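Next come the chains, spelled out residue by residue.
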Amino acid sequence: MSHPGRYSRWQDEFISDLEAIARSSPELVVVRERRRLSDTGEVPVQLAIYTSKIAHAEGGLVLEPTEIVEISVPPTRYRPPSVRVTHPRFVGFPHVLQGFVLCVYLDASREWNPNDGAIGFLNRLWGWFESAAAGTFDPHTSLFHAVGGTDSATDSTPIVVLRNELDDGLTFVALIRRNGHRFDVAIGTTVDGLRTPIITAPAALPLGTGTSIFELATILDDPTMSRGGLPAVGLPTNQDSIWLRLAAAAKRNPDASPQPFVLCVPHPAGGPPHVIVGCLPSETADALRLGSDPQDPRIEWWRVSDERPSVTTRRDSTRPTAAFADRTVLLFGCGGLGSWIAEFVARAGARRVVLSDSAIIMGGLLVRQNYTEADIGASKESALVSRLHSVRDDLQVEILDDSESLTLTDFDLVIDASVSMALGQVLSSVCQDVLVAQVAVDPRSAAVGMILVKPAGCAQQMSELDAHFGKIVEGDSSLEEYHSLWSTSTHGMLVPTRGCSVPTFHGSAADLAASAGVMVSLLGLQLQSPKVGVHLYTLPHTSSHRTKPAVFLPLDSP
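Residues numbered from 1 in each chain as written. Predicted model: local features only at pLDDT ≥ 70, side-chain atom pairs only at ≥ 80, totals over all residues. Heavy atoms only, no water.

Participant: Quick one: what's the story with the sheet that holds strand β19 (residues 448-454), residue by residue and with numbers?
Facilitator: With mixed pairing, the eight strands of this open sheet are ordered in space as β16-β15-β14-β17-β18-β19-β20-β21. One side of each edge strand has no neighbouring strand; the edge strands of this open sheet are β16 (396-399) and β21 (550-554). On average, each strand axis in the sheet is tilted by 15 degrees relative to the strand beside it, whichever way the strands run. Pairing geometry for strand β20 (residues 533-538) and β21, over five bridges, is antiparallel. Directly across from V534, in β21, lies its bridge partner L553. (Pairing = 2+ DSSP bridges. Helix = DSSP H or I, 4+ residues; strand = E, 2+ residues; numbered from the N terminus. Axes fitted to C-alpha atoms, helices over the stretch in contact; angles between N-to-C directions.)

Set out below in structure tokens:
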């Protein structure tokens, strides 16, 4: 622990290291000045970086032969030094926050290694200058490029979820409160919620957005402060119009409610605008409702979860499960496998899921199936409908009402996770024009699994395919681990309660969730390229050295 006014041990080590490097390489870096601790306990140090040998490319940052930077060394090794410049030459360039702070570490938790000491930091800073001069920073993905950096959120700051595109000409939206920490953006004149005006910036805001209405209006008048904060000749200031719009909105919102606003900022690289949300606290909004002058209060900048399709790339977009996007799935059986499969399919982006399993949830199932204490006594299908709705607002999920009149052509995939022989026979006869898959795990561990696949147009019935592949597997000693999948014996199965109990399977929630995950990924591949056959796999903790961990047997296999 450091004493007030004294460097911490880490700061002593870092500064000593930095000065040693400067003594040994004065042609690259010079420590010009180090000052006393700041109020936040950081050590300010001024460095001269000799950048004359760094190559410049068209579109890159134009560097002076010597760049002067101010770094701040924190008292702890867990954060890297921050870097800023004191001139406006870098304003508006990618990876420059608020016009003056260099974004040297995109993700310090992964990229900052304190064991590398000052040399690691200087190498990173040097690399920043090289990339900036070479013009290799991607302006489309540069952090805070459009707004220069806005980071005033607190632990209690709400988050605003934005999923709809904000078309040009839209002047307001409604913020719908979902819970104590979440609002959703809704569009439409009849939507209930906090009326929220949209303010559109004339250009990117490389110096940030300010902390009050006056600062925001000044930045909107002069985004780069090239006119001393004044609007262009002939244009009015933004302050009056912002107050008028906020006051008009506040008067339509309930008393004691805050007054948010949406700020749309054009991105320097083009495309959809960057969206941030500011808010005046309820006391200020009440003053506006009464026609009082709130005296330029601070703006609370809320967090935004920007999920617009135009700016968002799903993190699973390159995985097999991406094939489920906008698909329709019919799932029979919502138990050990089906309850997990349904959730994974929902999270994968399916448009519609229809469920069928009227069995009642008992407490003993919770160790294996995707339900909770609150679900005990409910039917599996109804509990799973609630579960899936809690995962995705936009998912169409329903219970199968009448299997007799079912139109299977409405679905892209039918999954039979029921282990029902009767259902399998029905599906065999009616599923001629849809991709059908039967899934199962072994009765001992639930860690050895199979997916029997019959694409649309396949003439064989499921039962015929099952018998065909069962004969192949049981006749192959290299597939011995999978023989149990075709065994009808229940010997040794767990009896979960005393008396005449229905046998159930061994395995755990971890086994079944992992198996379901494997199955959904393999079914994603089948949606992309259907092929008649059976997938077999074992989870890593189950397979022996003699076991094939995964294999696909096509119908035309010998």
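Participant: How would you explain the pairing of strand β18 (residues 435-441) if you had to name every residue and give the values?
Facilitator: Most of β18 sits inside the fold, with seven of its seven residues counted as buried. Here β18 shows two buried faces, one formed by L435, A437, V439 and V441 and the other by V436, Q438 and A440. One ladder, built from four bridges, connects strand β17 (residues 413-416) with β18; its direction is parallel. Opposite L413, over in β18, you have L435 as the bridge partner. As paired elements, β18 and β19 share six bridges and run antiparallel to each other. Bridge pairing in β19 links A437 to V453. Where β18 folds back onto β19 in an antiparallel hairpin, the turn is made up of six residues, including A446, whose phi is positive at roughly 60 degrees. (Buried < 20%, exposed > 50% of the residue type's maximum accessible area, 1.4 Å probe, protein only.)

Participant: Tell me what's going on with the packing of aromatic side chains, and back it up with residues and numbers.
Facilitator: For the structure shown, the criterion picks out nine aromatic pairs. When the centroid spacing of 5.9 Å and the interplanar angle of 85 degrees are considered together, the rings of Y105 and W112 count as edge-to-face. Each member of the pair Y105 and W112 is classed as buried. Between W128 and F129 the ring centres are 5.5 Å apart and the planes differ by 90 degrees, which places this aromatic pair in the edge-to-face class. Comparing W128 with F129 shows no difference in burial state: the two are buried. Three or more aromatic residues link up through ring pairs in this structure, and these residues are W10, F14, Y105, W112 and F121. Above the plane of the ring of F172 lies R195, whose end atom (NZ or CZ) is 3.6 Å from the centre. (Phe/Tyr/Trp six-rings, centres within 6.5 Å; stacked < 30°, edge-to-face > 60°. Lys NZ or Arg CZ within 6 Å of the ring centre and 35° of its normal.)

Participant: Give me the lowdown on unusual backbone geometry, citing residues and values where you can.
Facilitator: Positive phi outside glycine occurs at H95, with the angle close to 65 degrees. Here H95 lies in the loop between β4 (82-84) and β5 (96-97). Look at D296: it is not a glycine, yet its phi comes out positive at around 50 degrees. Within the element layout of this structure, D296 appears in the loop between α6 (282-289) and β13 (300-306).

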